[in-house]
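# Inside the fold
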Amino acid sequence: MAAAYSYEQTLTHDELILIGDFGGGTSDFSIIHVGPTVRRRGRTKKDIVGNDGVAVAGDAFDKQIIRNLVAPRLGKGSEYLSPPNKFLPVPSWPYERLERWHYLSFLNTAKNIEMLEHIRRNASIPERLEAFIHLIKGELGYQLHEAVRRTKFQLSAESEAVFEFNCAPIAMSKRVTREDFETWIAEELSLIEGCVDRLLRNTGVAAADIDHVFLTGGSAFVPAVRRIFVDRFGPDKITGGKELTSVATGLALRAAEEWPA
């Protein structure tokens, strides 16, 4: 809603718009009447035609980079020798904690480190487990996720990027293509698509009835996300330009309406 208020300031005529707000944990969509007429007569609940959302957004995209690019280089998917002379897969559950940087600290306990050290001593690729242990002990989850986000941002602008994370003894450098990334996030994209289609279906609004689509939030820059809307509404209806500031601007405008100076 705040993004809608921000977009409305640019209008000299009334429109029916679809707002796509991509946060860290959720993607939220609303169909709203906006424009000079709405501002003059005052807003009503009927101006909001409908809304829907899905618990998929930027954090889910980051998670897929961790899962597919980073975790294998820290030992996920490898094996270790366990008595009696039997190779077992390295447990996957510690790497699930890795997918959210603030969960990584939960691994930094004596019991978990002892378990990982035992696996490292018997691992087929011990240096990868050593790097994982160093990451946990050094509480480097935030720095790792910042490197992941830099790669995601670069892939929004270019067809390929180099993921780099260097903190001795960890040294990762891996080329990744936008095609790789879009393959990794295919399920998340499908959920976003389904949510948009459900909103249109439940409100009875046809794609042709939408005057403009305003996208906001960091993941609005991801080309595969934008294609969802281009495919449904056409490129000429897609509007942005304030993806990182529109919500804050809209909140300020709404506050000014409620509590004028």
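So, a few notes on the structure that sits alongside this text. Keep in mind that this is a model prediction, so the values were computed, not measured.

Definitions and cut-offs
Residues numbered from 1 in each chain as written. Predicted model: local features only at pLDDT ≥ 70, side-chain atom pairs only at ≥ 80, totals over all residues. Heavy atoms only, no water. Phe/Tyr/Trp six-rings, centres within 6.5 Å; stacked < 30°, edge-to-face > 60°. Core = buried A, V, L, I, M, F, W, Y, C linked by side-chain atoms within 4.5 Å. Buried < 20%, exposed > 50% of the residue type's maximum accessible area, 1.4 Å probe, protein only. Contact = heavy atoms within 4.5 Å. Helix = DSSP H or I, 4+ residues; strand = E, 2+ residues; numbered from the N terminus. Pairing = 2+ DSSP bridges. Right-handed = clockwise from strand over helix to strand, strands pointing away.

Further remarks concern the packing of aromatic side chains. In the structure shown here, the tally under the stated rule is 8 aromatic pairs. Here F22 and F29 contribute two aromatic rings whose centre-to-centre distance is 5.7 Å and whose plane-to-plane angle is 75 degrees, an arrangement assigned as edge-to-face. A ring pair is formed by Y103 and F106, whose centres lie 5.6 Å apart and whose planes are at 35 degrees; its orientation type is tilted. Three or more aromatic residues link up through ring pairs in this structure, and these residues are F22, F29 and F229.

The nonpolar side chains of a soluble globular protein tend to be buried, and buried together. In terms of nonpolar packing, the biggest core is built from 63 residues, with L98, F132, L135 and F229 touching the most fellow members. If we ignore the near neighbours within four places in the chain, the residues touching F229 are L18, F22, F29, V196, V213, L215, G234 and I238. By size, the runner-up hydrophobic cluster in this structure holds 9 residues, among which are Y7, I19, I32 and V34.

Where burial is concerned, most of strand β8 (residues 212-216) is hidden: 4 out of the 5 residues are buried. Judged from the 2 bridges that link them, β8 and strand β9 (residues 238-239) form a sheet pairing that is parallel. Pairing of V213 across the sheet is with I238, part of β9. Following the chain from β8 across helix α10 (residues 223-233) to the adjacent parallel β9, one finds a crossover that is right-handed.

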